[in-house]
Amino acid sequence: MTTIEEFGRRLRARRTTSAQVTEECLQRIEADNPRLNAFIRVTADEAREQAREADREMAAGHDRGPLHGVPISIKDLLDIRGLPTTAASRVRDGHVAARDAAAIAHLRQAGAVFVGKTNLHEFAFGTTNEDSAFGPARNPHDPSRSPGGSSGGSAASVAAGMALATIGTDTGGSIRIPAAACGLVGLKPSFGEISIDGVVPLSRTMDHVGPLAQTVADACLVHHALLGDARAVLPAPMPLHGLRLAIPRRYFCDLLDPEVRARFDEAIDRLRAAGVHVDEIEIHHADAIATVYLHIVLSDAAAYHASTLDSMPERYTPNVRIRLEMGRYVLAEDYVRALAGREVLRREVDAALAQHDALVLPTMPIPAPPIGASTVQVGSATEPVRNVMLRLTQLFDVTGHPAIAMPTGRTTAGLPCGLQLVGCRMQTDALLRVALSCEPQITLGFPRSGNVGG
């Protein structure tokens, strides 16, 4: 499957059309969605008309920018006017969006083509995409395994070539975890940078909207469109020589699958060989991350769902309902204590970045787990799947720092592994410059996704 950059060059050279590439995506959806369950709703007729209109505009000299005519899938947590927003839950039966979410309005203005709405973990409250009213999405690299969550259907759609990019959300890692599981690039921008208006919330204090794509350049182009800057050009990569990265080794590298560790260490070695300076630092209160995260997200989610938990509890999937009910038992003093803990962690990440261009650490401690597994073996330890999948991503939702996940290689079983770069708050473009420069070393030898499902 072509990248957005490649498609744009071919489109403007009149060597392809939006209608042609959109049709290729729709054919992939028709062939592979029954097996992967990536989409809740396919908008084939609407997509074909949007693509034809994009081609008419281009022929008339109206070029909307890098996303003009690009087929994109949308996590079914974002409102698209005239369509249901299910959040993968029967709780929202009968809902139809009256207007576009702010992010969708920006994509529409940029000329993107919407091929459909993707499956997710119900209300974005999970890491595996198993708890969905529409059944689990599956990983194109191995359909017996999870594509990650909560944006699992989104990631599967791009990895299988059903869309050139996709929009997900990230509250504890829900863009970066699926990116790692499916071998994609996933960007969580700095908190508050992309509007969450028109997005079904999980935690308003930690929800982020961002892209998953095949390359850093593609993610950057979609990111700028989400900002409403549809004509932005790619920033210049930072020079590798003189680049300073830091690994928070304690906690973040304590619990890793051996092959994930090997791929991470190999990527670090390649960066060092290319002239990157890599230090080791410590996030001193890292052991408190999970507690801080849980007390905030459980409380925020329970407050949003209070009325429907009372009026229609049977419409939730059992595991999600249990987690929401747990939020009702978080004490106010624990919530306030967690907010204070967030500030401590935020200052510690800020301090770690003060002398460095980015932090670098694995994205997910394990490869994609089997669907239905409640625990996973990590070295000699048996760990709950949800806890271990969230372990390395949730801090940066708590603190709001931008983070980008990138593929680093595969296990011997062919499953993707990934690492993430983390930048300074409200400096997502600076992080993208680092990622653009590091990508050739990090993803060396990793085949681009987008052809897995063919």
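Look up: the structure comes first, before these words.
All values reported here derive from a predicted model rather than from experimental measurement.

What counts as what
- Residues numbered from 1 in each chain as written.
- Predicted model: local features only at pLDDT ≥ 70, side-chain atom pairs only at ≥ 80, totals over all residues.
- Heavy atoms only, no water.
- Helix = DSSP H or I, 4+ residues; strand = E, 2+ residues; numbered from the N terminus.
- Rg over C-alpha atoms; globule rule 2.2 N^0.38 Å.
- Buried < 20%, exposed > 50% of the residue type's maximum accessible area, 1.4 Å probe, protein only.
- Contact = heavy atoms within 4.5 Å.
- Lys, Arg positive; Asp, Glu negative; His and termini not counted.
- Charge placed at Lys NZ, Arg CZ, Asp CG, Glu CD.
- Pairing = 2+ DSSP bridges.
- Phe/Tyr/Trp six-rings, centres within 6.5 Å; stacked < 30°, edge-to-face > 60°.
- Lys NZ or Arg CZ within 6 Å of the ring centre and 35° of its normal.
- Disulfide = S-S within 2.5 Å.
- Axes fitted to C-alpha atoms, helices over the stretch in contact; angles between N-to-C directions.
- Arc of directions from axis to C-beta.
- Salt bridge = Lys/Arg side-chain N within 4 Å of Asp/Glu carboxyl O.
- Parallel < 35°, antiparallel > 145°, perpendicular 65-115°, else oblique.
- Nonpolar A, V, L, I, M, F, W, Y, C, P; charged D, E, K, R; others polar.
- Core = buried A, V, L, I, M, F, W, Y, C linked by side-chain atoms within 4.5 Å.

(A) How the structure looks around the overall build of the protein. Summing up its helical and strand segments, the protein has 15 helices and 13 strands in all. For the protein, whose C-alpha radius of gyration is 20 Å, the value lies close to the compact-globule estimate of 22 Å for 454 residues. Here the C-alpha coordinates of the protein stretch approximately 60 × 60 × 40 Å along the principal axes. Per-residue burial for the protein yields a buried fraction of 63% across its 454 residues. Put simply, 76% of the contacts in the protein that link residues at least 6 apart link residues at least 24 apart. Across the protein, the mean location of the 46 positive side-chain charges is 2 Å away from that of the 51 negative side-chain charges.

(B) Main features of the pairing of strand β6 (residues 208-213). When you tally the buried positions in β6, you get six out of six residues, the bulk of the element. Sheet analysis places strand β4 (residues 165-170) next to β6, joined by six bridges and oriented antiparallel. Each bridged residue has a counterpart across the sheet, and for Asp-170 the counterpart in β6 is His-208. Pairing of strand β5 (residues 185-188) with β6, which is carried by two bridges, proceeds in the antiparallel orientation. Pairing of Val-185 across the sheet is with Ala-213, part of β6.

(C) The arrangement of the packing of aromatic side chains in detail. A full pass over the atoms with the stated rule returns two aromatic pairs. Their ring planes at 80 degrees and their centres at 5.1 Å tell us that Tyr-251 and Phe-252 sit as a pair that is edge-to-face. When sorted by exposure, Tyr-251 lands in the same class as Phe-252, which is buried. The ring of Phe-134 carries the charged tip of Arg-90 above its face, separated from the ring centre by 4.7 Å. Against the face of Phe-125 rests Arg-323, its NZ or CZ located 5.5 Å from the ring centre.

(D) Summary view of the state of the cysteines. This model, assessed by the stated rule, comprises zero disulfides. Cys-25 carries a free sulfur, and the closest cysteine sulfur to it, the one in Cys-182, is 16 Å from it. Cys-438 forms no disulfide, and the closest cysteine sulfur to it belongs to Cys-220, at a distance of 14 Å.

(E) Layout of the sheet that holds strand β1 (residues 39-42). Pairing within the open sheet is mixed, and its 11 strands lie in the order β1-β3-β2-β4-β6-β5-β12-β13-β9-β7-β8. Of all strands in the sheet, those bounded by a partner on one side alone are β1 and β8 (277-281). The mean inter-strand angle of the sheet, taken between neighbouring strand axes irrespective of direction, is 30 degrees. Lying over the sheet, helix α4 (residues 102-109) contacts β2 (71-75), β3 (113-118), β4 and β6, oriented at roughly 150 degrees with respect to β3.

(F) Up close: helix α1 (residues 4-12). All of the buried residues in α1 are Ile-4, Phe-7, Gly-8 and Leu-11. Each buried residue of α1 sits inside an arc of 100 degrees when the element is viewed along its axis, so together they form one side. Following α1 by one or two positions, Arg-14 adopts a phi angle in the positive range, close to 65 degrees.

(G) Broad picture of the pairing of β5. Taking every second residue as pointing to the same face, both faces of β5 are buried, with Val-185 and Leu-187 on one and Gly-186 and Lys-188 on the other. Judged from the three bridges that link them, β5 and strand β12 (residues 403-410) form a sheet pairing that is antiparallel. When the bridges of β12 are listed, Leu-187 appears paired with Ile-404.

(H) Geometry of the pattern of salt bridges. The tally for this structure, following the rule as stated, stands at 30 salt bridges. Between Glu-266 and Arg-263 there is a salt bridge, and its shortest N-O distance comes to 2.9 Å. With a gap of three residues between them, Glu-266 and Arg-263 both fall in helix α9 (residues 258-273), about one helical turn apart. Owing to a relative accessible area of 33%, Glu-266 belongs among the partly exposed residues under this scheme.

(I) Inspection of the packing of helix α10 (residues 289-311) against helix α11 (residues 318-327) at higher detail. Taken N-terminus to C-terminus, the directions of α10 and α11 make an angle of 110 degrees; their axes are 7 Å apart at the nearest point. In this view, α10 runs roughly perpendicular relative to α11, as classed from their interaxial angle. Where α10 abuts α11, its residues Leu-298, Ser-299, Ala-301, Ala-302, His-305 and Leu-309 lie against Arg-321, Arg-323, Leu-324, Glu-325, Met-326 and Gly-327. Looking at the contact of α10 with α11 residue by residue, the classes come out as six nonpolar, three polar and three charged.

(J) Structural detail: the side chain of Ser-203. Mapped onto the secondary structure, Ser-203 falls in the loop between β5 and β6. What makes Ser-203 buried here is its relative accessible area of 0%.

(K) Region of the structure containing the nonpolar core. Core analysis: the biggest nonpolar cluster contains 122 residues, and Leu-78, Leu-107, Leu-245, Leu-359, Ile-404 and Leu-421 have the highest contact counts within it. When sequence neighbours within four positions are dropped, the list of residues in contact with Leu-359 reads Ala-246, Ile-281, Val-349, Ala-352, Leu-353, Phe-396, Gln-420, Leu-421 and Val-422. Counting 14 residues, the second-largest nonpolar core is a separate cluster that includes Leu-36, Ala-51, Val-113 and Ala-160.

(L) Structural context of the environment of Leu-77. Checked against the element boundaries, Leu-77 lands in the loop between β2 and α4. Remark: the alpha-carbon pair of Leu-77 and Thr-408, spanning 331 residues in sequence, is separated by 29 Å. Leaving out residues up to four positions away in the same chain, Leu-77 has contacts with Thr-85, Ala-87, Leu-120, Phe-123, Ala-124, Thr-169, Gly-198, Val-199 and Val-200.

(M) Representation of the environment of Arg-315 within the structure. Structurally, Arg-315 is set in the loop between α10 and α11. Through-space distance from the C-alpha of Arg-315 to that of Ala-133 is 8.8 Å; in sequence the pair is 182 residues apart. Residues contacting Arg-315, with those up to four places away along its chain left out, are Ser-89, Arg-90, Val-91, Asp-93 and Glu-122.

(N) Expanded view of unusual backbone geometry. With an omega of 5 degrees, the peptide bond running from Gly-149 to Ser-150 counts as cis. In this structure, Arg-14 is a non-glycine residue whose phi angle is positive, near 65 degrees. Residue placement: Arg-14 occurs in the loop between α1 and α2 (18-36). Within the chain, Ala-88 stands out as a residue other than glycine whose phi angle is a positive 60 degrees. Counting through the fold element by element, Ala-88 comes out in the loop between β2 and α4.

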